[in-house]
Amino acid sequence: MKTKQIFFMILMLVTLQVFSQQNDTPIIDRDIFFGNPEIASGQLSPDGNWISFQKEFNGIMNIWVKKFDEPFKNAKPLTNNERPIGGYFWTYDSQYILFVKDNKGDENYNVYAVNPIDVAEKESGVPVSKNLSPMKDVRVAIYQVSKKDPNLMWIGINDRDKAWHDLYKLNIATGNLELLFENNNRITGWDFDWDEKPRLAYRTNDKGFSEILRIDGDNKFTKIYETNLQERAYVAGWNKDNTKTYLVSNKGDVNFSTLYSFDPQTEKVEKIESDPKNKVDFGGMFIEDNTREILYTSYTYDKRERLWKNKEWGKMFKFLESKFKGKEVGFSSFTKDYKQMLISVGSDQSAYETYYFNSDTKKLIHQYTPRPRLKEVEQHLAKMEAISFKSSDGLEIPGYLTIPTGAVKKNLPLIVLVHGGPKGPRDYWGYNSYAQMLANRGYAVLQPNFRASGGYGKAFLNAGDREWGKKMQDDITWGVKHLIAEGTVDEKRIAIMGGSYGGYATLAGLAFTPEVYTCGVDIVGPSNLFTLLESIPAYWESFRKSLYEMTGDPETEEGKKLIQEASPLFSADKITKPLLIIQGANDPRVKQAESDQIVVSMRDSGKEVEYLLADDEGHGFRKPNNNMAMWVSIEKFLAKHLGGRYQKDMSEEVEKRLGEITQDVSKVVYKKAAKVEISSALPELSNDLKEAAYQYDVKIEVQGKSIPMQMSREVKKEGDKWTVKDASTSAMGNSEDVVYLENMVPVKRVINQGGQTIEVSYFSDKISLTMMGKTKELPLEGAHVTNGAGYDFLIARLPLAEGYQTSFYSLDVMSQKLKVMKLEVLGKEDGKWNVKIVNVENEKELTTMLIDVNKKMASQLEQVVPAMGNAKIMTTLK
């Protein structure tokens, strides 16, 4: 007891020292950092007559517009979305604003158009936005927006095949879609020249290698360039006469990505430039559309530097920099003649501001400050400095360090803030809301650009492959050791924190190096890399091999070993320091059960753990009240364990939501999936089907919407086999599912949907699945029931009785995996058996049937499908 009192007194003394150092620095309201900006994302219309921007409407950031010469107070809203949009832009003729929007975070984006001169509807308060791709469960990719005919755009839609996008031409005015190319060749993208002709296609082959293909005619492609899993290349533009491309590549013995001239006909490659300092990758280039001239190239060291190719533009940029000394100037938007523009100006210690600039008149006019309340307190913002240190193997690791304003750089509490990704993204110099918030509360903040971070060369990027939890984690750990050795931070007050991969690094840090950290904050961090790899969306198929290159291949024994060792979930018992876990209940990548398991493990071993679980979030907190509640909890947690400052007040709405998502860890239950015994075969089912036709009403409820469908079923005898065919019709299209039965045992299943055919063949010891021209065989070691057409016929012929239970395998066609399903008869309702069937590994995947005893079929069937955002599908026999 005395030891604890002494430690507490020391912590209080150190805390008082930090507070005294920050006497003149007020606690900045967290809403200033994380509340909605007043105005953001401004754009000039191409004709210069309008300014569009995002601003809060009904509590959500939506698109607004005003005439250029009007004050912002006269602006009108154009959208009334329930979630912040994914981005927007003008058509070249300034007639429409186009934007993309998903459905409550499902990451399936449709493209919408709204006319800024249309009159607002009375009910919504905004004009009608037209959905140009009105399809469910698709993710639209935008490849090209026409300037020659601003009414046209080329997009990709993955309605036919979720993994690959077909190419369409879209008429914005009419909404007409014209299919140009059905993608059965693993095409991942297209490149258009100045004449807006598709000249090149990108493809990922079976090995995961990337190919650039020359388009030689309809459905005729010639491979002209290839990179392996350790290399990267892309076309950054075309030269003036469309004969050559600007190719950025690190192929071969090139470490730092380089800009080349590449002739797609002769395949000749000529170097244009690479980093003159030989330190970083080629950063980017800016081409003026009218002259087709490269205005500058850029490279990002600790900060970004531009190499101006056009003297007049270089001179203009120097003029702008002279007006904003010590700040970064960036281009946000241009009119079509490139004479008028919006520029953004800011730094690590200042609020960003947006100005209008006319290059002819040199007129510079302030337009808006996204966070004016931040502007009022920017004198209290902390300086971000670039640092570097050596990792365990001597590799030089760059990063950024933010020291609290007014604090002495000695014995400070530290937050290691780890970025997501991990391969490719990096942290940058500039204003960072997380770093500033934490620094304001009294913490030094380290942001390491660990190996696998982008921009530092091919060798650095690939050095993280198969090093999750190992050398990648060392890079973070050695950053902490570096600051301890310098005397900057107190080794007894160090926290690790991050989201997504940063959350993984938090769990890995506490599990693999618990002696380094005082506590940790895990924000939607994957703890089980097996689950992470299994749950990638279908449209990531082209990246699958690259993901395996990073983590290990789960289909090999060596890869499984790597993944097992790197997954913190399997070392949860080694986490001994206090941990705050922030989890979305609907996260498809980080399963709630994994966080539950870590919580239970720590609680039962007497370790301190706190748990936030939001029932309306997925992989990250997006809703304002959830996000603000999360930060209240983070602040309080860090203050408790590191002795920093803490803003106690909050709005009633945030306080209420915090109470709702804060879990009582004493009541958290982790249900370990019990080992389920599956019999070698089902009992013999009565072969008493009769030819018949049935009609069903189907309703799909997903994310607040109800989608009606009609389904017909036809049962026919064909020779010695029965066929059961379910045909569905809806606004989303038609589908057909046919199951062939022999003595009530499935022998074949054929699915036709969206132009794609999937065929399944059933054998006593295996299931053969053929889709997209490829066949995969899955070993079968027990009873199996097909969940296709006639699923309920098979269930109805089991020996159902009160309390009856059995288990069997069922094939999930989309994931190409066998699931273990558990069946239980709950009782009788109006003479019908109430049957529940649940996925043993995911209890949210649930099917209930009301089995008519006399008809031996379901009169009603209800399914909950987690893969469709917990959609509920209700099927009722007419």
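Conventions used here
Residues numbered from 1 in each chain as written. Predicted model: local features only at pLDDT ≥ 70, side-chain atom pairs only at ≥ 80, totals over all residues. Heavy atoms only, no water. Helix = DSSP H or I, 4+ residues; strand = E, 2+ residues; numbered from the N terminus. Rg over C-alpha atoms; globule rule 2.2 N^0.38 Å. Buried < 20%, exposed > 50% of the residue type's maximum accessible area, 1.4 Å probe, protein only. Contact = heavy atoms within 4.5 Å. Areas by Shrake-Rupley, 256 points an atom, 1.4 Å probe, with all protein chains shown as cover. Lys, Arg positive; Asp, Glu negative; His and termini not counted. Charge placed at Lys NZ, Arg CZ, Asp CG, Glu CD. Axes fitted to C-alpha atoms, helices over the stretch in contact; angles between N-to-C directions. Parallel < 35°, antiparallel > 145°, perpendicular 65-115°, else oblique. Nonpolar A, V, L, I, M, F, W, Y, C, P; charged D, E, K, R; others polar. 1 Å grid on protein atoms, 1.4 Å probe; cavity = no way out; pocket = protein on both sides within 12 Å on 5 of 7 lines; lining within 4 Å. Points joined across faces, edges and corners; volume = space filled by probe spheres on them. pLDDT = per-residue confidence, 0-100. Core = buried A, V, L, I, M, F, W, Y, C linked by side-chain atoms within 4.5 Å. Pairing = 2+ DSSP bridges. Salt bridge = Lys/Arg side-chain N within 4 Å of Asp/Glu carboxyl O. Arc of directions from axis to C-beta. Phe/Tyr/Trp six-rings, centres within 6.5 Å; stacked < 30°, edge-to-face > 60°.

Asker: How do you make sense of the overall build of the protein chain when you look at a structure like this?
Answerer: Helix and strand content of the protein chain: 15 helices and 49 strands. Taken over the C-alpha trace, the protein chain has a radius of gyration of 30 Å; the compact-globule value for 878 residues is 29 Å, and the two agree within 12%. Along the three orthogonal principal directions, the C-alpha set of the protein chain runs to about 85 × 80 × 60 Å. Split into buried and exposed, the 878 residues of the protein chain put 54% on the buried side. Put simply, 52% of the contacts in the protein chain that link residues at least 6 apart link residues at least 24 apart. When the accessible surface of the protein chain is summed, it comes to about 39300 Å², and 49% of that surface belongs to carbon and sulfur atoms. Taking the average location of the 116 positive side-chain charges in the protein chain and that of its 121 negative ones, the two points are 3 Å from each other.

Asker: Looking at this structure, how should I read the packing of helix H13 (residues 624–642) against helix H14 (residues 652–661)?
Answerer: Packed helices, taken two at a time, are described by the angle their axes make and the gap between the axes. Closest axis-to-axis distance for the H13/H14 pair is 9 Å, and the angle between their directions is 75°. With respect to H14, the element H13 is oriented roughly perpendicular. Facing Asn625, Asn626, Met628, Ala629, Val632 and Ser633 of H13, the residues of H14 in contact are Glu653, Val654, Arg657, Leu658 and Ile661. Classifying every residue of the contact of H13 with H14 gives 6 nonpolar, 3 polar and 2 charged.

Asker: Explain the layout of surface pockets here, please?
Answerer: It is the rolling of a water-molecule-sized probe over the atoms that shows where space remains empty. In this structure, the second largest pocket occupies an estimated 1000 Å³ of space. Along the walls of the second largest pocket sit 31 residues, with Tyr92, Val145, Lys147, Asp289 and Tyr338 positioned nearest its centre. Contributing elements (two or more residues each) for the lining of the second largest pocket: strand E1 (40–44), strand E5 (88–90), strand E9 (141–145), strand E13 (187–192), strand E17 (233–238) and strand E24 (328–334). Taken together, the residues that form the lining of the second largest pocket break down as 14 nonpolar, 9 polar and 8 charged.

Asker: What should I look at first to understand the confidence of the model for the protein chain in this one?
Answerer: Segments scoring low in pLDDT should not have their predicted coordinates read at a detailed level. Chain-level statistics for the protein chain give a pLDDT mean of 91 and a share of 95% at 70 or above. In this model residues 1–20 is a low-confidence stretch, pLDDT under 50, and it forms 12 contacts with partners more than four residues away in sequence or in other chains.

Asker: Help me understand the nonpolar core in this model?
Answerer: Nonpolar side chains in soluble globular proteins tend to end up buried together. Core analysis: the biggest nonpolar cluster contains 58 residues, and Leu414, Val416, Trp468, Tyr517 and Ile598 have the highest contact counts within it. It is helix H8 (residues 501–512) that contributes the most residues to this core, 7 residues altogether.

Asker: What is the right way to read the sheet that holds E1 from this model?
Answerer: Two orientations exist for strands paired in a sheet by backbone hydrogen bonds: parallel and antiparallel. Across the sheet, 4 strands lie side by side as E1-E2-E3-E4; this open sheet has antiparallel pairing. Edge positions in the sheet fall to E1 and strand E4 (76–77), since each of these pairs with one other strand and no more.

Asker: Would you explain the sheet that holds strand E35 (residues 609–614) in this entry?
Answerer: An order of E28-E29-E31-E30-E32-E33-E34-E35 is seen for the 8 strands of this open sheet, with the pairing classed as mixed. Across the chains shown, the open sheet's two edge strands, defined by having one partner strand only, are strand E28 (384–390) and E35. Sheet twist, expressed as the mean angle between neighbouring strand axes with direction ignored, is 20°. When E28 meets strand E29 (residues 396–402), the two strands line up antiparallel, connected through 7 bridges. Within E29, the position partnered with Ala386 by the bridge is Tyr400. On top of the sheet, helix H5 (residues 433–440) reaches E29, strand E30 (412–418), strand E31 (444–448) and strand E32 (489–499); it is set at about 155° to E31, its chief contact. Running over the sheet, H13 touches E30, E32, strand E33 (519–523), strand E34 (579–584) and E35 and is turned about 170° from E33.

Asker: In this structure, what is going on with the pattern of salt bridges? I would like to understand it.
Answerer: Note on pairing: side chains with opposite charge can pair once their charged atoms come close. Taken as a whole and assessed by the stated rule, the structure comprises 48 salt bridges. Of the charged contacts, one joins Glu353 and Lys375 as a salt bridge, the two residues approaching to 3.1 Å between their closest N and O atoms. Separated by 22 residues along the polypeptide, Glu353 in strand E26 (residues 350–358) and Lys375 in helix H4 (residues 372–376) bring together distant segments of the chain. Residue Glu353 is classed as buried on the basis of its relative accessible area of 11%.

Asker: Where do I start with helix H11 (residues 557–566) in this structure?
Answerer: Along an α-helix, residues three or four positions apart point the same way, because every turn accommodates 3.6 residues. Residues Gly559, Leu562, Ile563 and Ala566 constitute the buried set of H11. For H11, the arc enclosing every buried residue in end-on projection is 95°, short of the 170-degree limit, so these residues lie on one face. Away from its buried face by more than 90 degrees, H11 exposes Glu557 and Lys561. For H11, the elements touching its buried residues are H8, helix H9 (529–534) and helix H10 (544–551).

Asker: Looking at this structure, how should I read unusual backbone geometry?
Answerer: Where the residue is not glycine, phi is negative for most of them; where a peptide bond is considered, it is trans in most cases. Geometrically, the link from Gly421 to Pro422 is a cis peptide bond, its omega value of 0° lying close to zero. Tracing the chain through its elements places Pro422 in the loop between E30 and H5. Phi at Asn411 is positive, roughly 55°, even though this residue is not glycine. Structurally, Asn411 is set in the loop between E29 and E30. Residue classification places Asn411 among the partly exposed residues on the basis of a relative accessible area of 38%. Despite not being glycine, Arg466 has its phi angle at roughly 60°, a positive value. Locating Arg466 in the fold gives a position in the loop between helix H6 (458–462) and helix H7 (471–486).

Asker: Is there a simple way to explain the packing of aromatic side chains in this structure?
Answerer: How two aromatic rings sit relative to each other is set out by the distance from centre to centre and by the angle between their planes. One pass over the full model with this rule turns up 37 aromatic pairs. With a centroid separation of 5.7 Å and an interplanar angle of 90°, the aromatic rings of Phe282 and Tyr299 are classed as edge-to-face. Taken as a pair, Phe282 in the loop between strand E20 (269–273) and strand E21 (284–288) and Tyr299 in strand E22 (residues 293–300) lie far apart in primary sequence, 17 residues in all. Residue Phe282 is classed as buried on the basis of its relative accessible area of 5%. Classification of Tyr299 as buried rests on a relative accessible area of 1%.

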